[in-house]
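So you can see what is in the structure, the chains are spelled out below.
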Amino acid sequence: MADITDIKTIMYTEKSLSQQESGIIVMQTSQRVSKNQLKNICIQYFGFTPLRINSLNQQGKTKRFRGIEGNRNNFKKFYVKVPEGAKIESLKS
């Protein structure tokens, strides 16, 4: 069962900020979260029912540091369509 701790962050990139104007929030979560679990998290903790949820598995980039190759962690991204008038506390816009 997923809970609020599975949401790592709400992403604030140039692309995600432009999508927030049309009511779409981009969330980065752990890989074990499903669409239904994220819907239940939104209802229980944020107090709204999402209109649409799209998901994307993001593979971690391969990076080098001082000649040693390593990988960043894999994560899952969700694009959540928020109903009109609903707000998330960390999004004070």
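Everything quoted here is computed from the prediction, not taken from an experiment.

A. Up close: unusual backbone geometry. The phi dihedral of Arg 66 is positive, around 55°, even though this residue is not glycine. Look at Arg 66 and you get exposed, because its relative accessible area is 77%.

B. Inspection of helix H2 (residues 35-46) at higher detail. Given a rise of 1.5 Å per residue, 12 residues ought to cover 16 Å, and the 15 Å separating the end C-alpha atoms of H2 matches this to within 8%. Along H2, the residues classified as buried are Leu 38, Ile 41 and Cys 42. Buried residues of H2 fall within an arc of 100° about the axis and therefore sit on the same side. Residues of H2 that are exposed and point more than 90 degrees away from the buried face comprise Asn 36 and Gln 44. Contacts from the buried residues of H2 go to strand E1 (7-10), strand E2 (24-29), strand E3 (52-58) and strand E6 (75-81). After H2 finishes, the residue Gly 47 shows a positive phi value of roughly 80°.

C. Quick look at the nonpolar core. In this structure, Ile 25, Met 27, Leu 38, Phe 48, Phe 78, Val 80 and Ile 88 are the most contacted members of the largest nonpolar core, which totals 15 residues. Counting residues per element, the ones that place at least two in this core are E1, E2, H2 and E6. Counting residues per element, this core draws most heavily on H2, at 3 residues. Contact partners of Met 27, with chain neighbours within four places excluded, come to Ile 7, Thr 9, Ile 10, Leu 38, Phe 46, Lys 76, Lys 77, Phe 78, Val 80 and Ile 88.

Cut-off values and rules
- Residues numbered from 1 in each chain as written.
- Predicted model: local features only at pLDDT ≥ 70, side-chain atom pairs only at ≥ 80, totals over all residues.
- Heavy atoms only, no water.
- Buried < 20%, exposed > 50% of the residue type's maximum accessible area, 1.4 Å probe, protein only.
- Helix = DSSP H or I, 4+ residues; strand = E, 2+ residues; numbered from the N terminus.
- Expected span 1.5 Å × (residues − 1).
- Arc of directions from axis to C-beta.
- Contact = heavy atoms within 4.5 Å.
- Core = buried A, V, L, I, M, F, W, Y, C linked by side-chain atoms within 4.5 Å.

Without other data, these values stay purely geometric and don't point to any function.
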